[in-house]
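Here is what each chain is made of, one letter per residue.
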Amino acid sequence: MKVISPKFHDVLDYVTVLFLAISPSIFAMGAAASNFTYVLAAIHLALTVLTNFDMGIVKVIPLKIHGAIELVVSILLLIVAVAFRETSDQTSIIFI
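Before going into details, it helps to say that this report is about the structure given with it.

**Notes on the overall build of the protein**
- Helix and strand counts for the protein stand at three helices and two strands.
- Order of helices (α) and strands (β) in the protein, N terminus to C terminus: α-α-α-β-β.
- A separation threshold of at least 6 residues defines the contact pool for the protein, and within that pool the share at least 24 residues apart is 36%.
- Summed over all atoms, the accessible surface of the protein reaches about 6,900 Å², with 73% contributed by carbon and sulfur.

**Section: helix α1 (residues 6-26)**
- Counted at 1.5 Å a residue, the expected span for α1 with its 21 residues is 30 Å, and the 29 Å between its end C-alpha atoms agrees.
- Maximum bend of α1: about 30°, positioned at leucine 20, with proline proline 24 one to four residues after it.
- Within the span of α1, buried status applies to His9, Asp10, Asp13, Val17, Leu20, Ser23 and Pro24.
- A positive phi of about 50° marks alanine 28, the residue just after α1.

**Here's the deal with the packing of aromatic side chains**
- All told, the structure shown has one aromatic pair when counted by the stated rule.
- Between phenylalanine 19 and phenylalanine 27 the ring centres are 6.1 Å apart and the planes differ by 75°, which places this aromatic pair in the edge-to-face class.
- Among the residues examined, phenylalanine 19 registers a relative accessible area of 41% and is labelled partly exposed.

Calculation criteria
- Throughout, residues of each chain are indexed from 1 in the direction in which the sequence is written.
- Totals for whole chains, interfaces and linings use all residues, but because this is a predicted model, local features are given only for residues with pLDDT of at least 70 and pairs of side-chain atoms are given and counted only at 80 or more.
- For side-chain calculations, the full set of non-hydrogen atoms in the structure is used, while hydrogens and water are omitted.
- Helix and strand definitions follow DSSP, with helices as H or I runs of at least four residues and strands as E runs of at least two, each counted in order from the N terminus.
- Two residues qualify as a contact provided that any one of their heavy atoms is within 4.5 Å of a heavy atom in the partner residue.
- Residue exposure ignores everything except the shown protein chains as possible cover, and the areas themselves are Shrake-Rupley values with a 1.4 Å probe.
- For a helix, the expected span equals 1.5 Å multiplied by the residue count minus one.
- What we call the bend at a residue is the angle made by axes fitted to the seven residues finishing there and the seven residues starting there.
- Residue exposure (1.4 Å probe, protein chains only): buried if accessible area is under 20% of the type maximum, exposed if over 50%, otherwise partly exposed.
- Two rings from Phe, Tyr or Trp (for Trp, the six-membered ring) form a pair when their centres sit within 6.5 Å of each other. Planes less than 30 degrees apart are called stacked, planes more than 60 degrees apart edge-to-face, and all others tilted.

Shown next, in the form of structure tokens:
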């Protein structure tokens, strides 16, 4: 099932890496959140560079695997965002 074209996905991946890399500054994240975001940006860049599509450089990861990895990471990020919300007083953990 194609939701977006592979060419648009190529561009979107590099834009996502750029957004992840600059978002700690934009959103004034704390040290832990900034480090997590920088690591996520580096991992996503590596995944994008290694994917077999037009803008991939090494082309060893099939696009379907790339998409599956992104789906899993997206779901995990939603869970993390809900479970570890920062408040002004403390970090609270909410179990769904």
